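Architecture at a glance
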Amino acid sequence: MSHAAAPDLAEAERFLQHEARLLDEARFEDWLALFTADAWYWVPSQPDQTSPRDTVSLIYDDRRLLETRVRRLRNPHLHAQQPPARASRIVANVTIDEAQAGAAVVRSKLLMVEYRRNRQRLFAGTCRHRLVRAADGLRIAWKRVDLVDCDAELEGLLLPF
Amino acid sequence: MTTDVPTIAAAAAPEDLVRPGRVHRSLYSDPRIFALEMERIYGRAWIYVGHESQVPNPGDYVATRIGLRPLLMVRHRDGSVRVLHNQCAHRGAMVVADEQGHASEFRCCYHGWTYHTDGRLKTAPLLHGYPPGFDPADPKLAMLPVARQADYRGFVFASLAADGPGLLEFLGPMTASFDDMVDRAPDGAIEVAGGVFKHAYDGNWKLYLENLCDAAHPIFVHQSSIEAAGAQSDNVPTDGSGEIAIRQMRQNGAPYSFWESQVGIWAYPNGHSYLGDYHDDAKLVAALADPVFRDYTEALEAKRGRERARQILEVRRWNSNIYPNLSFMSQFQQLRVVHPIAPQRTVVYTYNFRLKGAPEAMFERTIAFANIVNGTGSLVLTDDLETYGRIGAGITSAGAEWLQIGRGWASDVDNGDGGRRGKNSTSEIYIRNMFDAWLGYMTDARP
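From a predicted model like this one, the values you see are computed outputs, not experimental measurements. (Residues numbered from 1 in each chain as written. Chains lettered and ligands numbered in written order. Predicted model: local features only at pLDDT ≥ 70, side-chain atom pairs only at ≥ 80, totals over all residues.)

1. Observations regarding the environment of Ile244 of chain B
Checked against the element boundaries, Ile244 of chain B lands in helix 7 (residues 241–251). Under the C-beta neighbour-count criterion, Ile244 of chain B is labelled buried, with 22 such atoms within 10 Å. (Helix = DSSP H or I, 4+ residues; strand = E, 2+ residues; numbered from the N terminus. Buried ≥ 20, exposed ≤ 12 C-beta atoms within 10 Å, placed from the backbone.)

2. Notes on helix 12 (residues 381–394) of chain B
All names here are of chain B. In this model helix 12 runs 20 Å from its N-terminal to its C-terminal C-alpha over 14 residues, within 8% of the 20 Å that 1.5 Å per residue would give. Taking burial as the measure, the 14 residues of helix 12 include eleven buried ones, the bulk of the element. Every buried residue of helix 12 is listed here: Leu381, Thr382, Asp383, Asp384, Leu385, Glu386, Thr387, Tyr388, Gly389, Ile391 and Gly392. The elements touched by buried residues of helix 12 are strand 13 (190–201), helix 4 (206–212), helix 5 (218–221), helix 6 (223–230) and helix 11 (360–374). (Expected span 1.5 Å × (residues − 1). Contact = placed C-beta atoms within 7 Å.)

3. Looking at the sheet that holds strand 5 (residues 69–75) of chain B
Residues and elements named next belong to chain B. In spatial order, the strands read 6-5-4-7; together these four strands make up an open sheet with antiparallel pairing. Edge positions in the sheet fall to strand 6 (81–85) and strand 7 (100–102), since each has one partner strand and no second. Adjacent strand axes in the sheet meet at a mean angle of 30° when their direction is disregarded. Where strand 5 meets strand 6, five bridges bridge the pair, whose relative direction is antiparallel. Its bridge partner lying in strand 6, Arg75 is registered against Val81. (Pairing = 2+ DSSP bridges. Axes fitted to C-alpha atoms, helices over the stretch in contact; angles between N-to-C directions.)

4. Here we look at the domain arrangement of chain B
Residues and elements named next belong to chain B. If you check the domain split of chain B, you get domain 1 (47–159) and domain 2 (174–442). Just the C-alpha atoms count here: the centres of domain 1 and domain 2 sit 33 Å apart. Between domain 1 and domain 2, the residue contacts involve ten residues of the former and 13 residues of the latter. No other element matches the three residues that strand 3 (residues 47–51) contributes to the side of domain 1 that touches domain 2. (Domains from an automatic or database assignment.)

5. A few points about the interface of chain A and chain B
Taken together, the contact between chain A and chain B spans 35 residues of the former and 41 residues of the latter. Looking at the side of chain A that touches chain B, the elements with two or more residues in it are strand 1 (35–44), strand 2 (57–62) and helix 3 (63–73) of chain A. In terms of residue count, helix 3 of chain A provides more of the side of chain A that touches chain B than any other element does, eight residues in total. Its residues placed into classes, the side of chain A that touches chain B shows 13 nonpolar, nine polar and 13 charged. (Nonpolar A, V, L, I, M, F, W, Y, C, P; charged D, E, K, R; others polar.)

6. Describing the nonpolar core
If you look at the biggest cluster of nonpolar residues, it comprises 154 residues, and the most contacted ones within it are Leu131 of chain A together with Ile47, Val49, Leu71 and Met73 of chain B. Broken down by element, the residue count for this core peaks at eight residues, all from helix 13 (residues 429–442) of chain B. Formed jointly, this core draws a minimum of three residues from each of two domains, domain 1 (47–159) and domain 2 (174–442) of chain B. (Core = buried A, V, L, I, M, F, W, Y, C linked by C-beta atoms within 7 Å.)

7. Some points on the sheet that holds strand 3 (residues 86–100) of chain A
What links the strands of a sheet is backbone hydrogen bonding, and the strands pair in either a parallel or an antiparallel sense. All names here are of chain A. Strand order in the open sheet made by the six strands is 2-1-6-5-4-3, with mixed pairing throughout. Taken across any chain shown, the strands that pair with only one partner, and hence form the sheet edges, are strand 2 and strand 3. The mean angle between the axes of side-by-side strands here comes to 20°, regardless of whether they run parallel or antiparallel. In the sheet, strand 5 (residues 119–134) pairs with strand 6 (residues 137–147) via ten bridges, with the strands oriented antiparallel. Bridge pairing in strand 6 links Arg130 to Trp142. Across the sheet, helix 1 (residues 9–24) is in contact with strand 3, strand 4 (103–116), strand 5 and strand 6; its angle to strand 3 comes to roughly 155°.

Right, dumping it as structure tokens:
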């Protein structure tokens, strides 16, 4: 694996668009399957936050908690998703920040419109994915989403970004 | 049909809205009630405005508020903490727009009126041609200090009323909860750290504290996270934060028998209360076998001695509520402040404290716990926020004019120290107690 090629821009872009489509279609288990076995998923609460350990985060899931998050999204008693939200995500401005053997840190812009119960919300931010090559395709080793309004007064966040 | 239900037209008289074991729905939605609450509760009670550690050095300031009024907590050059109205005496503009920072003086953006860090007017341009009686030295031409200000062990409170009980009298036996927050620090001091959560909902401000000691809600409100955490394999990798979160979610699924046998609720004058004996240190996150907790206990014992450390850790107050809008808990150093925005709009700011002298790993647990309990994207809080919103959506219906707060009403007991307690934690005594205070404030017609 260490001799595998780093994902190039086109491959990274296809992957991120696939990820966004899985989320738009509420295929959360398929989305989870994109992550490595020890992945983490992070949405900081502060601009330029340096660590999820010394500062609170809107979301900070290690692999174990990420599995629980996805399982909860299917729970019939998840009141905050009655009725469920729908979302439309646009991924753009994809660039490769760092490339190594079989891996790359990919930067992109996310624009997500979320709709639920006659209310629409707009989220925008910068995503960074560390993508690593596995036998059957790319996986997400970690994902960080920096929302432009991360430190604003926000209502509950249910759908993954 | 005869009824004693007041009509909405009559609903603005507070004494008509609170009855034994029930309250009228309009006090969660009527703008006239909200306006009166801002005047008679938030305009008179002691309101928490910040912790002194947020402004460690002269010139440090942090924006804060009481009700709808923007305030500034600032460390003056003499080292004292001052609480000022964040408003220019000239044209009423908010002077300081940043949430926090450092300044040697405050200058209004509009015409440059400039103030010392204790709020006194330092200078202003064109101070001529004013009518008789205008005097730049008038102490009222200032970023005015709040009417009263006091602190208890670094927790700073302000009151917008010149008269009223002192802070210690107001807090009463609840001072022990603040002691518990501070005493757990090996160095005997705590500091605000680790960022702030700010979450919002379309519902009344009172709903928040009414939920925090509600032992009967988790099994329903949090069913989705209880079940999701219950089904989670413990063999999946975690860096520790997920483990803490999942343990807390599972704990929320404790059966009624647990709440009815192991947990109590205490209520004190002025609307304050606490839920106690919930987490015992041997079985929750601060598990005795946990190396982080062991290191922390050793640090506490080294500074305080073994016997004093044992006494400190024996205090098992869970959520302590200071009416009308403060709640905190010592085990994970969390503090929440509820800000009313409108009758059906509320924002809540939550803070973390670092225990000075404790291993840094203890603070990492504080952060992980904050994420799951107070996080805007948490698997737990999001269902609470949904519930407040559902109440907001439902409460304007006239179907249920009177809302029930009577659970445990027949079994409240005198605690012998000026307070009362419920038979067990499922009693709504703490909500009835808040409405006793509410009625006291709201029917006090003094100017």
